[in-house]
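Secondary and tertiary structure notes
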Amino acid sequence: MAFDEDRAWQVIEQQRLAIAEVLAGLSADEWEAPSLCAGWRIRDVAAHVIVGTHPLAVGATLTALARAGGRYNTMIDTLTRNYADRPDADLVSELRACAPSRTLPAVTNVRNILFDTIVHGQDIAIPLHRPIVVPPGDAAVAATRVWSMGWPFWARRRLRGFQLTATDTDWTVGTGPVVRGPMTALLLTLTGRPKALEQLSGAGLSGLRQLRRL
């Protein structure tokens, strides 16, 4: 599926609403459970998705970055954890309210928001065993963006020597022993979620499992 900006925003909105629906039914313990995003609880991931819809102004961003010692990931982690302190019900209502937002932080674009929202939705859904459906074609568009990037995933370099092939849509990248599976699982693999390997198969899977850093 070729990239279509309006379609991307529609998917982003749908995914945000689906995440909110999952969150609305959680117990107190589930809000505090680990997500698939290393180091973040379910509530932290939810907060991150919300924070992305109302970014800091440039000056405030530079101040926050300076406080984080110039480390972008540290800045994001701090902002996210601070926002996650809000009451559960407030996080749910805010996510529903901001779902249609097409506001973009200055340092990113809609292609990045698309994969970020899809992946973080799965970060919440999979460990809670509460599925969020992602249309394979849209997951393929997101995965193509991740594959084309360098930082922060370096997917093409990390997964060099493997061919990744979707079983539910027309999408293949790389060369080498084949690893195949659902498109969303391949997207999670590209973004470094080892849990996704449980959904994959093929001659290259054992080699993929042995990578020092998925």
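Small disclaimer: the values here were computed from a predicted structure and weren't measured. (Residues numbered from 1 in each chain as written. Predicted model: local features only at pLDDT ≥ 70, side-chain atom pairs only at ≥ 80, totals over all residues. Heavy atoms only, no water.)

1. Regarding the packing of aromatic side chains
Stated precisely, the cut-off is as follows: Ring pairs shown here join Phe, Tyr and Trp side chains whose ring centres sit within 6.5 Å, with only the six-membered ring taken for Trp; geometry is labelled stacked below 30 degrees between planes, edge-to-face above 60, and tilted in between. Every helix listed is a DSSP run of H or I at least four residues long, and every strand listed is a run of E at least two residues long, numbered separately from the N terminus. Exposure classes here rest on a 1.4 Å probe applied to the protein chains alone. A residue is buried below 20% of its type maximum, exposed above 50%, and partly exposed in between. Counting as a charge over the ring demands two things of the Lys NZ or Arg CZ atom: a distance within 6 Å of the ring centre and an angle within 35 degrees of the ring normal.
In total, this model carries one aromatic pair according to the counting rule given. Where Phe-115 meets Phe-153, the ring centres are 5.7 Å apart and the plane angle is 75°; that geometry is what we call edge-to-face. Taken together, the residues span a long stretch of sequence, with Phe-115 in helix α7 (residues 110–128) and Phe-153 in the loop between α8 (136–148) and α9 (155–158) at a distance of 38 residues. The class for Phe-153 is buried, based on a relative accessible area of 15%. Here the basic side chain of Arg-111 rests over the ring of Phe-3, its NZ or CZ set 3.9 Å away from the ring centre.

2. Remarks on the packing of helix α3 (residues 42–51) against helix α6 (residues 88–98)
Defined as follows: Axis definition: a line fit to C-alpha positions, over the contact stretch in the case of helices; interaxial angles, taken between N-to-C directions, run 0 to 180 degrees. Note on convention: near helix rotated counterclockwise from far helix by under a right angle means a left-handed crossing. Clockwise means right-handed. It only takes one pair of heavy atoms within 4.5 Å for two residues to be counted as in contact.
In the contact formed by α3 and α6, the axes pass within 10 Å of each other and the chain directions differ by 35°. The interaxial crossing formed by α3 with α6 has left-handed handedness. Contacts between α3 and α6 involve Arg-43, Val-49 and Ile-50 on the former and, on the latter, Asp-88, Leu-91, Glu-94, Leu-95 and Cys-98.

3. Digging into the sheet that holds strand β2 (residues 172–173)
The cut-off we apply is this: Pairs of strands are assigned from DSSP output, requiring at least two bridges between the strands.
Spatially, β2-β1-β3 is the arrangement adopted by the three strands of the open sheet, whose pairing is mixed. With one partner strand each, in any of the chains shown, β2 and β3 (178–181) form the two edges of the open sheet. Note that strand β1 (residues 163–166) and β3 share four bridges and pair parallel. Paired with Gln-163 across the bridge in β3 is Val-178.

4. With respect to α8
Let me state the cut-off plainly: An expected span of 1.5 Å times one less than the residue number is assigned to each helix.
Given a rise of 1.5 Å per residue, 13 residues ought to cover 18 Å, and the 18 Å separating the end C-alpha atoms of α8 matches this to within 8%. Those residues of α8 that fall on the buried side of the exposure criterion are Gly-137, Asp-138, Ala-139, Ala-140, Val-141, Ala-142, Ala-143, Val-146 and Trp-147.

5. Some details on the environment of Thr-108
In plain terms, the rule: In protein, a polar contact requires one atom able to donate a hydrogen and another able to accept it; more generally it is a pair of N or O atoms within 3.5 Å, and residues adjacent in sequence count only if both atoms are side-chain atoms.
When you line up the elements, Thr-108 lands in the loop between α6 and α7. In this structure the C-alpha to C-alpha distance between Thr-108 and Gly-39, which are 69 residues apart in sequence, comes to 23 Å. At 3.1 Å, the side chain of Thr-108 and the side chain of Asn-112 are in polar contact.

6. Brief notes about unusual backbone geometry
For the bond from Trp-151 to Pro-152, the omega torsion is 5°, close enough to zero to count as cis. Mapped onto the elements of the fold, Pro-152 is located in the loop between α8 and α9. A positive phi angle, close to 60°, is found at His-129, a residue other than glycine. Within the secondary structure layout, His-129 lies in the loop between α7 and α8. Positive phi, close to 50°, is recorded for Trp-154, a residue that is not glycine.

Shape descriptors only; they carry no functional weight alone.
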